[in-house]
Amino acid sequence: MKEDVNIKDPVLSIRNLSVAYDKGNYAVKDVSADIKRNAVTAIMGPSGCGKSTMLRAINRMHELYENIETKGSLILNGKDITHMPTIQLRRMAGMVFQRPNPFPTMSIYDNVIAGYKLNGIRLKKKERDDVVERSLRDVTLWDEVKDTLHKKGTFLSGGQQQRLCIARALAFDPEVILLDEPTSALDPVATSKIEDLLVKLKENYSILMVTHNMSQAARISDFSMFMYLGELVEYGKTKDMFTNPKDRRTEEYLTGKFG
Amino acid sequence: MNLGKLQAKQFSQLLNVHQMNSDKITKGVLLLSSFVILFVAGGMIFSLVEGAIPALKSFGLSFIWSNNWNPTEGKENYGALPFIAGTIITSVAALLISLPLSFSVSLFLGEYYRGTKIAKVLGTMVDLLAGIPSIVYGLWGFYVLRPLLIDLGLPNQGFGIFTASIILAIMIIPYATSLSNEIITMVPNELKEAAYSLGATRSEVIFSVVVPSARSGIIAGYILSFGRALGETMAVTMLIGNANIVPDGFFSTGNTMASVIANQFGEADGLKLSSLIAIGLLLFLLTGIINAIGKFIIKRMG
Amino acid sequence: MNSAAKITAANLSRRTLKDKLFKGLVLFLSLITISPIVLIIYKLVAKGYRQISLEFIIKTPPNTFEAMTALSNGELIPGGIANGITGTLLMVVLASVIAIPVGVITGIYLYENPGKPLANLTRNISDILQGVPSIVLGLIAYMWIVKPITSGFSALAGSVSLSIMMLPMIVRSTEETLKMIPQSIKEAAVALGVPYYKVILRVLIPTGFSGLLTGILLGISRILGETAPLMLTALGSSVINMDITKPTSAVPLLIWEFYNDPNMVDLIWSSSLLLMGMVLTLNLVSKRIAARTK
């Protein structure tokens, strides 16, 4: 795969990444790309193109399941994370999923701090309160929930729940945030709130997101990847790709011929 | 109007009437059969109460907390306390012994090896535990487990609460695991992945996400299995030592409500029979309450 | 970067070790849990297989003196458990004849009237019946049949106690099975103007047949090994009895008798082996049917 963008000091380097289900059935084929720091990078493509699979491979979620084979290497902030203990890796890469999934048995407060609790990191009450407030402010949820911090997170609306999940990922100060179609289960109002939020967050964070929605990619991303049948077909500045796609397949996808 | 049409119309009207009647009869039969269950249940309570009246009249409510069981003619006195105590102690002990085992099995089936061949094999074997007749458990306990416990220094020839509880624990495991395994399997992957994505290990995911989400189901499973333990008869009868005393410890001999009925029924009549029926009534109520609590929890989970 | 959020090497190794230990514990305890079934079956086969023969199935047990003679000569105890096998079959068939129609029809009623108060009541009562200890059902059948109707211990009384045990299981499995049938299949039949009973007989029951069968077989496998209620109702008999108003033996009752007779005690293993064989076969067959239809 030739590289179409030249990114200096990338936050994440993906090198020859392949993911296969049941031996030989490749969902991601030999993808290499550098991801820009403090920017939003979108991964697009028709369903089944391997975009979610690739994102999950970065957090090595596939290791939870058998019969999934991953090849290639991943370098996060200069550290090879391919064989690092997943505990450490996942602490550095925050992940947000398609459907909001706050822990239903925990309060809003405990959801935000869940990363610390799960990892057995003890914080003083003051530190904990600070982390919770900062993270909830980051996702513009603080004013909405500051009086109900100790209620269950599942009472929130879908959009609020998803922002809570983003806060949960942010609380840990991740070096990259991976989002897997974070707005696909949300209504337009909640979606636009999350989009605004992501644009704001890139000041401090590096964001890699999968989206099924081209116009969303056009609205908020700085860089875009187009994947098709497991291959990275095209990667470049979003503006360039949308105005002047280099590959015929990208063009067909962007003009709505398939997908 | 032609004749053929008219006949067809009449015919179809006739058919309709016939069908309406047959539907009514069908519905009536369905309704009636559901009354059978209500009638059986009502009749059970009625008969148990009726059979227990002589004993309850003679001893009053003290029947429940008297520990004097004396069939000697003239000095006849019956109290259910030894059996109530024996039942509750053996069942609680059985539940405690079975907890770590059934919890492990449900994690094996519903989490660690979910959907794999090895889980299928293990699941089938656990199901088979439920298929072994109580009397066979009793034989195995008597001829295999008891000698082992005697070697370990258990008093009373290896009979007693402890031995009975171990066998009971094995017997109730399938009842606890079938429900909790099902509920654990139902914990959404998304939740577990959320915890993994924060860096949790598998055991941390189990204790912070899986168990809290499946808590009600796991508890309900244990309650239902406890209800099973309360009413088990043969295996307990063969191992508990059949002493009509309030057990004074974990290794003491004793008797349960079910086992005293099985043991003493053959030679019983009059007041003694009535007392056994009264114990049956108490056992019926006890298991009924425990099961109702279990079902209530399940229902509340939706 | 937030330094408090660092994961130290000590933290990492401690948690990884804990995770492994816990998995090891789960595996170990799971293995412990299934060991009894292996040990029990091994014991029954090892001690019981020599006695299993055609004679064991078609002959009745010896008297205790004959057994003692055989024992002292170092021979196998002669005779078999034909009275138990026939008694078990008689009572299981009779219990099924009582419980299956009532259970299936009640299950259909619950399925047809899901929200009705009477249906809810019936369902709850049926659930509670399922939890009633079998020994209590023995008491009930004693009071209902032994005393007033057969004026003595009888196969009928045994069957009644077993049928009350089976009934709620069949009700439940019928309702659950019917619930899984797509509504459209039923509606298609109703739309054709077919009378209601024919919808039940020609559509619902055939469509859910394997589910119903599974429930019934599981129910039968549950009552096959029951001992306690039969001690209070059928009592036992040393000869083959086919009169439902007379005391009757059953395989589990024979095991209980052998267990209490030092001369006959060797027969417990072969009898248990046979009983377990019947129960487990039914169990596995019904599971197989259930798995195939799912």
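Fair warning: this is a prediction, and the values are worked out from it, not measured in the lab.

(A) Spotlight on the overall build of chain C. Within chain C, the secondary structure is distributed over 13 helices and 0 strands. Along chain C, helices (α) and strands (β) appear in the sequence α-α-α-α-α-α-α-α-α-α-α-α-α when read from the amino end. For a compact globule of 294 residues, the expected C-alpha radius of gyration is about 19 Å, and chain C comes in at 25 Å, more than 25% above that figure. When its C-alpha atoms are laid out on the principal axes, chain C stretches across 90 × 70 × 35 Å. A total accessible area of about 12900 Å² is found for chain C, and carbon and sulfur atoms account for 68% of it. Here chain C contributes 24 positive and 14 negative side-chain charges, whose respective centroids are spaced 15 Å apart.

(B) Up close: the overall build of chain A. Of the regular secondary structure elements, chain A holds 11 helices and 10 strands. For 259 residues, the compact-globule estimate of 2.2 N^0.38 gives 18 Å, and chain A sits close to it at 18 Å. If you line up chain A on its principal axes, its C-alpha atoms span 55 × 40 × 35 Å. A sequence separation of at least 24 residues applies to 68% of the contacts in chain A between residues at least 6 apart. For chain A, the exposed surface amounts to about 11200 Å²; the carbon and sulfur share of it is 47%.

(C) Main features of helix 7 (residues 189-197) of chain B. Along helix 7 of chain B, 7 of the 9 residues are buried, which leaves the element largely enclosed by surrounding structure. Phi turns positive, to about 100°, at Gly199(B), one or two residues after helix 7 of chain B.

(D) Looking closely at the interface of chain A and chain C. On the side of chain C, 11 residues touch chain A, which itself brings 15 residues to the contact. Taken together, the two surfaces of chain A and chain C that pack against each other cover about 1000 Å², and 57% of this comes from carbon and sulfur. In this assembly, chain A and chain C are joined by 0 salt bridges. In this assembly, chain A and chain C are joined by 2 residue pairs in polar contact (both at pLDDT 80 or more). Contributing elements (two or more residues each) for the side of chain A that touches chain C: helix 2 (86-92), helix 4 (114-118) and helix 5 (125-138) of chain A.

(E) Structural view of the nonpolar core. Counting residues in hydrophobic clusters, the biggest one holds 220 residues, and the most contacted among them are Met54(A), Phe103(A), Met44(B), Leu48(B), Tyr137(B), Ile279(B) and Ile135(C). Counting residues per element, this core draws most heavily on helix 6 (residues 161-186) of chain B, which supplies 14 residues. In contact with Met54(A), other than residues within four places in its own chain, are Ile14(A), Leu17(A), Val28(A), Val31(A), Ile43(A), Met225(A) and Met227(A). Core analysis: the next-biggest nonpolar cluster, separate from the first, contains 40 residues, Leu136(A), Val139(A), Phe172(A) and Met209(A) among them.

(F) Broad picture of the confidence of the model for chain A. Looking at chain A, pLDDT values average 92 and 98% of them are 70 or higher. Least confident of the elements in chain A is helix 2 of chain A, whose mean pLDDT is 91; most confident is strand 8 (residues 207-210) of chain A, at 97.

(G) Structural view of the pattern of salt bridges. All told, the structure shown has 28 salt bridges over all chains when counted by the stated rule. One salt bridge in this structure joins Glu252(A) and Arg248(A), with 3.0 Å as the shortest N-O distance. Taken as a pair, Glu252(A) and Arg248(A) lie in helix 11 (residues 248-254) at a separation of 4 residues, close to a single helical turn. A relative accessible area of 23% places Glu252(A) in the partly exposed class. With a shortest N-O distance of 2.7 Å, Arg15(C) and Glu204(B) are connected by a salt bridge.

(H) Here's a closer look at the interface of chain B and chain C. Residue-level contacts link 80 residues of chain B with 78 residues of chain C. Overall, the association of chain B and chain C removes approximately 6800 Å² of surface from exposure, summing both partners, and the carbon and sulfur fraction of that is 78%. Put simply, chain B and chain C have 2 salt bridges between them. Taking the shortest distance from any N to any O, the salt bridge between Asp127(B) and Lys287(C) comes out at 3.5 Å. In this structure, the connection of chain B to chain C is made through 12 residue pairs in polar contact (both at pLDDT 80 or more). The element best represented in the side of chain B that touches chain C is helix 1 (residues 3-59) of chain B, accounting for 21 residues. Considered class by class, the residues forming the side of chain B that touches chain C number 52 nonpolar, 20 polar and 8 charged.

(I) Spotlight on the pairing of strand 4 (residues 68-76) of chain A. Residues and elements named next belong to chain A. Strand direction decides the pairing type here: strand 1 (residues 12-21) and strand 4, joined by 8 bridges, are antiparallel. Across the sheet, the residue bridging to leucine 12 is leucine 76, located in strand 4. Bridge count for strand 4 against strand 5 (residues 79-80) is 2 bridges, and the pairing is antiparallel. If you follow isoleucine 75 over to strand 5, its bridge partner there is aspartate 80. In sequence, strand 4 turns back onto strand 5 through a hairpin of 2 residues, with asparagine 77 there showing a positive phi of about 50°.

(J) Structural view of a nonpolar patch on the surface. Residues Leu31(B), Leu32(B) and Phe35(B) make up a contiguous nonpolar surface patch of about 280 Å² in total accessible area. Position of Leu31(B) among the secondary structure elements: in helix 1.

(K) Expanded view of unusual backbone geometry. Residues and elements named next belong to chain C. Notably, serine 151 is not glycine yet its phi reads approximately 30°, a positive angle. Among the structural elements, serine 151 can be located in the loop between helix 6 (134-146) and helix 7 (155-179). A relative accessible area of 64% places serine 151 in the exposed class. With a phi close to 70°, leucine 235 is a non-glycine residue in the positive phi region. Summarising the element assignment, leucine 235 is placed in the loop between helix 11 (228-231) and helix 12 (251-259). On the basis of relative accessible area, leucine 235 is assigned to the partly exposed category, the value being 42%.

(L) Geometry of the side chain of Asn70(B). Residue placement: Asn70(B) occurs in the loop between helix 2 (62-65) and helix 3 (81-112). Beyond its immediate chain neighbours, meaning those up to four positions away, Asn70(B) contacts Lys75(B), Glu76(B), Asn77(B) and Tyr78(B).

Parameters and conventions
- Throughout, residues of each chain are indexed from 1 in the direction in which the sequence is written.
- Chain A is the first chain written and ligand 1 is the first ligand written, with later ones labelled in order.
- In keeping with the model being predicted, local features are shown solely for residues with a pLDDT of at least 70 and side-chain atom pairs are shown and tallied solely at 80 or more, while totals for entire chains, interfaces and linings include all residues.
- Side-chain descriptors were evaluated using all non-hydrogen atoms of the structure, hydrogens and water having been removed beforehand.
- Secondary structure elements are taken from DSSP: a helix is a run of H or I of four residues or more, a strand is a run of E of two residues or more, and numbering for both begins at the N terminus.
- Radius of gyration here is computed from C-alpha atoms only, and the compact-globule reference equals 2.2 Å multiplied by the residue count raised to the power 0.38.
- What sets the accessible areas is the Shrake-Rupley method with a 1.4 Å probe; for residues, cover comes only from the shown protein chains.
- Two residue types count as positive, namely Lys and Arg, and two as negative, namely Asp and Glu; His and chain ends fall outside the count.
- Taken as the charge location is NZ of Lys, CZ of Arg, CG of Asp or CD of Glu.
- Two residues qualify as a contact provided that any one of their heavy atoms is within 4.5 Å of a heavy atom in the partner residue.
- Exposure is judged per residue with a 1.4 Å probe applied to protein chains only, and the accessible area is read against the type maximum: over 50% gives exposed, under 20% gives buried, and values in between give partly exposed.
- What counts as buried area is the accessible surface, traced by a 1.4 Å probe, that two parts surrender upon association, with contributions from both included.
- Should a side-chain nitrogen of Lys or Arg be within 4 Å of a carboxyl oxygen of Asp or Glu, the pair is scored as a salt bridge.
- Any pair of nitrogen or oxygen atoms within 3.5 Å is treated as a polar contact; in protein, a donor-acceptor pairing is required on top of that, and neighbouring residues in sequence qualify only through side-chain atoms on both sides.
- For this analysis, a nonpolar core means a set of buried residues of the types Ala, Val, Leu, Ile, Met, Phe, Trp, Tyr and Cys, connected via side-chain atoms within 4.5 Å.
- What pLDDT expresses is the predictor's confidence in each residue, scored from 0 to 100.
- Following the grouping adopted for this structure description, the nonpolar residues are Ala, Val, Leu, Ile, Met, Phe, Trp, Tyr, Cys and Pro, the charged ones are Asp, Glu, Lys and Arg, and the polar ones are all others, Gly among them.
- Whether two strands pair depends on DSSP finding at least two bridges between them.
- The patch calculation keeps residues exceeding 30% relative accessible area without a salt bridge and links them within 9 Å when they carry like charges or within 5 Å when they are nonpolar (Val, Leu, Ile, Met, Phe, Trp, Tyr).

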